[in-house]
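# Close look at the chain arrangement
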Amino acid sequence: MEMPRIDATIVARKPAIVAALQEVLPPDAVIYDDIEVRAYECDALTAYRCPPLAAVLPRTTAEVSAVLRICHKMGVPVVPRGAGTSLAGGALPTGDCVILGVAKMNEVLETDYANRFIRVQSGRTNLSVTGAVESDGFFYAPDPSSQLACAIAGNIAMNSGGAHCLKYGVTTNNLLGVTLVQMDGTVLEIGGAHLDPAGLDLLGVICGSEGQLGVVTEATLRILPKPEGARPVLMGFDSNEVAGECVSDIIKAGILPVAIEFMDRPCIEATEAFAKAGYPMCEALLIVEVEGSKAEIDEQLALIIEIAKRHNPVELREAADEDQAKRIWLGRKSAFGAMGQINDYMCLDGTIPVSSLPYVLRRIGEMSKEYGLDVANVFHAGDGNMHPLILFDANKPGDLELCEAFGADVLKLCVEVGGCLTGEHGVGIEKRDLMKVQFAPEDMEAQLWVKDVFDPKWLLNPAKVFPLDVTASRRAG
Amino acid sequence: MKPANEIELSEVIRGANGPLRIVGGGTRAIGPLNAGEVLETGALSGISLYEPGALTIVAGAGTPLSEVEAELAKGGQRLPFEVPDLRGLLGRDGASTIGGVVSANAAGPRRIQAGACRDSLIGVRFVDGVGTIMKNGGRVMKNVTGYDLVKLLAGARGTLGVLTEVAFKVLPRPEVEATLTLDGLDPTAAVTAMAQALGSPFEVTGAAYLDGQVCLRIEGMAGSVAYRSAALVKLLGAGWDVADAAHSAKLWSEIRDMTPFVGKPGAVWRISVKPSDMPQVLATLNEAQTLCDWGGGLIWARVPDVNDAQAVTLRACLAALGGHATLVRASDSVYATTPAFHPEPAGLAALSASLRAKFDPRGILNPVGMG
């Protein structure tokens, strides 16, 4: 993975940089020892590691502003970091950068049920946002599977999704406002407890900008009343096509489930061996979940089951109680763990038009044979987001590279059929070099203009998202 | 000028000698009309993709809104954000285009539950101010590849580029609807009742307050609507009437299209606030007829069309509370001294100006269009 050449003049100035940071932060908030900085050398894309020059852990917006002002003045790149759970290498340092971690900023600032919002510091974990409001009957909807650990700051940077997003949208649909600190230290308040911007939707472009436009220190998030209940139904089919058609018919019937999860045979088999959830051994499995009161759930499920029966499922399993519901979900929720127990794996994140699923699965199967690497597929069938899990052996020389080449081919296929490179993980470094597959030069140029405006010196997370040759002249300053 | 396709549009923009006034149906532009050469988008029309099973529709920006809505209705679906028809309010004729809807980020009562236009929008094609054809997003709803210019283009009122194609994630049309109403509430009681309803698990899709009456809408499957209406009545307490589907639909189309203001004189404000601030904002306005939507978060106010239409007091009030006020209708003399769009704080205004300079370096796209 190519990264920009380290600026030796910055490294040479490390003592002066550290001293300047120590003037605006308490001692324990500046990490610069060679061993200690290694704690920040990677995120959840662990194949790539590089210790930063230093790491800082500010506690307030004012401290973040002071840090950025110093780095701006001294020409030091800054890589923001939430909880470091990115699967795309979004928080990967370079050896000449300062990691700015928001983990110490995790307070709830304001909870307002009458106006249905919560304001939090951005280092707060996703699940603990719901945690702050659930005893009052509310929740924060975007729920990536890393939600126990991931930070709101990272969710905003990547525009994270989650299993609930078919019904409730992704982060950008649930974000009402931010406090953003620009690279020169300017603090901006964007949005708030009112709806819609007065002018341009700057909040909309900040969300998903992967820490390249500013550091979000506070966020106003929409909270929703918890539904009265939810219940899943499990369906097994003897072909991917039929499973896909069943999903399409459910949608066309006017039902909006809260989640529709698909697993293919390799995934079902690996998961069953691991979790023993009692899944049918079939070609394709769907879990469809609906929400509401008991009566409403019954009404929706009756229609879903009637539709499913028209497609001759090999298995149709309702949950009679809470325990059975948990068992239906058990396999799906263990899927990644099950694959991880077999081998190392790479999790892809492309999106495809839902109608392309059978074709894409067939092509992935063909590529699997060509590359000699096994694949299992998890798919958010309602929104088209695929998670192919490619198994490889990290100890075998060349296997990682082979796996990456296979992954790149899958993502190119996603774009080819009218989808995109990444549905929820973000570009980071992982898909940076595939951006030209999805975007023409002028499409990328328009995105670069936005960064030119927010961060003219190109110091914030400069090596991410866009291919290095495309950003070279801007990063050179 | 009415280019037949995207390439011709690109040539027109490239060859432009002065400001351009971008016109779809001409139904949603607000503020003083800019004097530019008219550039019509009506020929960029046609639905290129509609997959009900994938909740996806893609259409040329010049496609009439009515055509998009009719096609979706055939599939049992709709644009979730409930597009207002403000021709009566603004005194326009012409037919709204889907590109105009996106450019204005137009959304009606259901915005509080289903999101705004920009929340359903998943892809755009557009031509920038020097004629470069560009695209962002696509036709899939989960897409975090690169920056989200889809959101940036929505509501930009043509000032960043001329839309040529838009793609939406749509939603099913519900089987039935019903509306709960209660009369005789003051603004504070109204906001409290609406907050209670919107904070319940019964999924209210419209919460409005006009002439002392609060209206709460429920939509969905028949059994579900019956259950939720009853549950909401039980939660809110005595006195609520339940209007059936026909009455409900009529009521909300009038709220959506601002029918109570149509045919009446005066300047019209569209104010966005934190819902619980609604009573305070109403109290600052003099001689105002008001209609409050989005649980109180959207206030329409019709005031005497004189002086600054109370802009100074209103915008000062909002500077303290948070929110913004757009002067959607006023006489030329009022507009001569009062900006239609809410002045932004310096930092945001600078960013917006810089973005416009990037996308439209000659400043020719709808130059009085915003800000």
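Residues numbered from 1 in each chain as written. Chains lettered and ligands numbered in written order. Predicted model: local features only at pLDDT ≥ 70, side-chain atom pairs only at ≥ 80, totals over all residues.

## A closer look at the overall build of chain A
- Of regular secondary structure, chain A possesses 16 helices and 18 strands.
- The C-alpha atoms of chain A give 23 Å as radius of gyration, which agrees with the globular expectation for 477 residues (23 Å, within 12%).
- Projected onto its principal axes, the C-alpha coordinates of chain A cover approximately 70 × 55 × 40 Å.
- Burial statistics for chain A: of 477 residues in total, 57% are counted as buried.
- Across chain A, the fraction of contacts at a sequence separation of at least 24, relative to all contacts at a separation of at least 6, is 73%. (Helix = DSSP H or I, 4+ residues; strand = E, 2+ residues; numbered from the N terminus. Rg over C-alpha atoms; globule rule 2.2 N^0.38 Å. Buried ≥ 20, exposed ≤ 12 C-beta atoms within 10 Å, placed from the backbone. Contact = placed C-beta atoms within 7 Å.)

## Describing the overall build of chain B
- If you tally the helices and strands in chain B, you get 14 helices and 17 strands.
- Across its three principal directions, the C-alpha atoms of chain B cover 65 × 55 × 35 Å.
- Looking at chain B as a whole, 58% of its 371 residues are labelled buried.
- Restricting the contact set of chain B to residue pairs at least 6 apart, pairs at least 24 apart contribute 71%.

## Describing the sheet that holds strand 12 (residues 230-237) of chain A
Residues and elements named next belong to chain A.
- The seven strands lie next to each other as 15-12-14-13-17-18-16, forming an open sheet whose pairing is antiparallel. With one partner strand each, in any of the chains shown, strand 15 (315-318) and strand 16 (344-347) form the two edges of the open sheet. Neighbouring strand axes in the sheet, compared pairwise and without regard to direction, differ in orientation by 15° on average.
- In terms of strand pairing, strand 13 (residues 259-264) meets strand 17 (residues 375-380) through three bridges, oriented antiparallel. Across the sheet, residue glutamate 261 finds its bridge partner in strand 17, namely histidine 380.
- Packing against the sheet, helix 12 (residues 357-371) makes contact with strand 13, strand 17 and strand 18 (385-392), and its axis sits at approximately 160° to strand 17.
- Seen against the sheet, helix 13 (residues 399-416) touches strand 16 and strand 18 and runs at an angle of roughly 160° to strand 18. (Pairing = 2+ DSSP bridges. Axes fitted to C-alpha atoms, helices over the stretch in contact; angles between N-to-C directions.)

## Structural notes on the interface of chain A and chain B
- Opposite the 73 residues of chain A that make contact, chain B presents 67 residues.
- Where the side of chain A that touches chain B is concerned, the elements lending two or more residues are strand 9 (187-191), helix 7 (202-206), helix 8 (240-252), helix 10 (294-309), helix 14 (435-438) and helix 15 (441-454) of chain A.
- Looking at the side of chain A that touches chain B, its residues break down into 32 nonpolar, 28 polar and 13 charged. (Nonpolar A, V, L, I, M, F, W, Y, C, P; charged D, E, K, R; others polar.)

## With respect to the pairing of strand 11 (residues 204-210) of chain B
All names here are of chain B.
- Of all seven residues in strand 11, six are buried; the element is thus mostly enclosed.
- By the bridge criterion, six bridges tie strand 11 to strand 12 (residues 213-220) in an arrangement that is antiparallel. In the strand pairing of strand 12, leucine 210 is matched with glutamine 213.
- In sequence, strand 11 turns back onto strand 12 through a hairpin of two residues, with aspartate 211 there showing a positive phi of about 50°.
- One ladder, built from two bridges, connects strand 11 with strand 15 (residues 289-293); its direction is antiparallel. Residue pairing for strand 15: leucine 210 is matched across the bridge by leucine 291.

## Quick word on helix 2 (residues 65-74) of chain B
All names here are of chain B.
- Considered for burial, the residues of helix 2 that qualify are Leu65, Val68 and Leu72. Buried residues along helix 2 cover an arc of 65° about the axis, so they all sit on one side. Exposed residues pointing more than 90 degrees away from the buried face of helix 2 are listed as Ala70, Ala73 and Lys74.
- Where helix 2 is buried, its residues meet strand 3 (47-51), strand 4 (56-60), strand 5 (77-78) and helix 4 (98-103).
- Downstream of helix 2 by a residue or two, glycine 76 has a phi angle that is positive, lying close to 70°. (Arc of directions from axis to C-beta.)

## Some points on the packing of helix 8 of chain A against helix 10 of chain A
Residues and elements named next belong to chain A.
- Viewed as axis vectors pointing N to C, helix 8 and helix 10 meet at an angle of 140°, and their least axial separation amounts to 9 Å. In terms of axis orientation, helix 8 runs oblique to helix 10. Classified by chirality, the crossing of helix 10 by helix 8 is right-handed. Packed against helix 8, whose contacting residues are Cys246, Asp249 and Ile250, the element helix 10 presents Ile304, Ile307 and Ala308 at the interface.
- A per-class count over the contact of helix 8 with helix 10 returns five nonpolar, no polar and one charged. (Parallel < 35°, antiparallel > 145°, perpendicular 65-115°, else oblique. Left-handed = near helix turned anticlockwise from the far one by under 90°.)

## Here we look at the sheet that holds strand 4 (residues 98-101) of chain A
Residues and elements named next belong to chain A.
- With mixed pairing, the four strands of this open sheet are ordered in space as 1-2-4-3. Strands at the two margins of the open sheet, each flanked by one partner only, are strand 1 (30-31) and strand 3 (78-81).
- Strand contacts of helix 2 (residues 14-22): strand 1 and strand 2 (54-56), with the helix running at about 10° to strand 2, the strand carrying the most contacts.
- Packing against the sheet, helix 3 (residues 61-74) makes contact with strand 2, strand 3 and strand 4, and its axis sits at approximately 165° to strand 4.

## Considerations on the nonpolar core
- One finds Val78, Val98, Leu221, Leu286 and Ile390 of chain A together with Leu153 and Val166 of chain B to be the most contacted residues of the largest nonpolar core, which totals 206 residues.
- With near-sequence residues (within four places) excluded, valine 166 of chain B lies in contact with Ala59, Ala61, Ile98, Gly99, Val102, Leu121 and Val124 of chain B. (Core = buried A, V, L, I, M, F, W, Y, C linked by C-beta atoms within 7 Å.)

## Details of the domain arrangement of chain A
Residues and elements named next belong to chain A.
- Per the domain assignment, the segments of chain A are domain 1 (8-103), domain 2 (108-225) and domain 3 (230-416).
- Taking only C-alpha atoms, the centre of domain 2 and the centre of domain 3 are 28 Å apart.
- Listed as interface residues are six residues of domain 2 and, on the opposing side, eight residues of domain 3.
- Taken together, the residues of the side of domain 2 that touches domain 3 sort by class into three nonpolar, two polar and one charged. (Domains from an automatic or database assignment.)

## Focus: unusual backbone geometry
- Despite not being glycine, lysine 276 of chain A has its phi angle at roughly 50°, a positive value.
- Summarising the element assignment, lysine 276 of chain A is placed in the loop between helix 9 (265-275) and strand 14 (284-291).
- A tally of 12 C-beta atoms within 10 Å means that lysine 276 of chain A is categorised as exposed.
- The phi dihedral of alanine 309 of chain B falls on the positive side, at around 55°, and the residue is not glycine.
- For alanine 309 of chain B, the location among the structural elements is in the loop between strand 16 (298-303) and helix 12 (311-321).
- Overall, alanine 309 of chain B belongs to the buried group, with 26 C-beta atoms counted inside 10 Å.

## Let's talk about the environment of asparagine 312 of chain A
All names here are of chain A.
- Mapped onto the secondary structure, asparagine 312 falls in the loop between helix 10 and strand 15.
- Exposure remark for asparagine 312: the 11 C-beta atoms within 10 Å place this residue in the exposed category.
- Taking the C-alpha atoms as reference points, asparagine 312 and isoleucine 118, 194 residues apart in sequence, are found 46 Å from one another.

## Some thoughts on the domain arrangement of chain B
All names here are of chain B.
- When cut into domains, chain B gives domain 1 (6-172), domain 2 (176-256) and domain 3 (260-337).
- Between domain 1 and domain 3, the contact holds nine residues from the first and 12 residues from the second.
- For the side of domain 1 that touches domain 3, the elements supplying multiple residues, two or more each, are helix 3 (87-90) and helix 5 (111-114).
- The biggest single contributor to the side of domain 1 that touches domain 3 is helix 3, with three residues.
- Across the side of domain 1 that touches domain 3, the residue classes tally to six nonpolar, two polar and one charged.

## Here we look at helix 10 of chain A
- End to end, helix 10 of chain A covers 22 Å across 16 residues, agreeing with the expected 22 Å (1.5 Å per residue, within 8%).
- If you check which residues of helix 10 of chain A are buried, you get Glu296, Ile297, Glu299, Gln300, Leu301, Ile304, Ile307 and Ala308 of chain A.
- In this fold, the buried residues of helix 10 of chain A make contact with strand 12, helix 8, strand 14 and strand 15 of chain A together with helix 9 (222-236) of chain B. (Expected span 1.5 Å × (residues − 1).)

## Considerations on the environment of aspartate 360 of chain B
Residue and element names in this part refer to chain B.
- By secondary structure assignment, the location of aspartate 360 is in the segment after helix 14 (346-359).
- Through-space distance from the C-alpha of aspartate 360 to that of valine 130 is 6.6 Å; in sequence the pair is 230 residues apart.
- When residues no more than four places from it in sequence are discounted, the contact partners of aspartate 360 are Asp128, Gly129, Thr159, Leu160 and Leu365.

## Regarding the packing of helix 2 of chain A against helix 3 of chain A
Residue and element names in this part refer to chain A.
- The contact between helix 2 and helix 3 brings their axes to 9 Å, and the two run at 155°. Here helix 2 is positioned roughly antiparallel relative to helix 3, judged by the angle of their axes. Once helix 2 is placed against helix 3, the crossing between them reads as right-handed. Contacts between helix 2 and helix 3 involve Ile17, Ala20 and Leu21 on the former and, on the latter, Val67, Ile70 and Met74.
- Looking at the contact of helix 2 with helix 3 residue by residue, the class counts come to six nonpolar, no polar and no charged.

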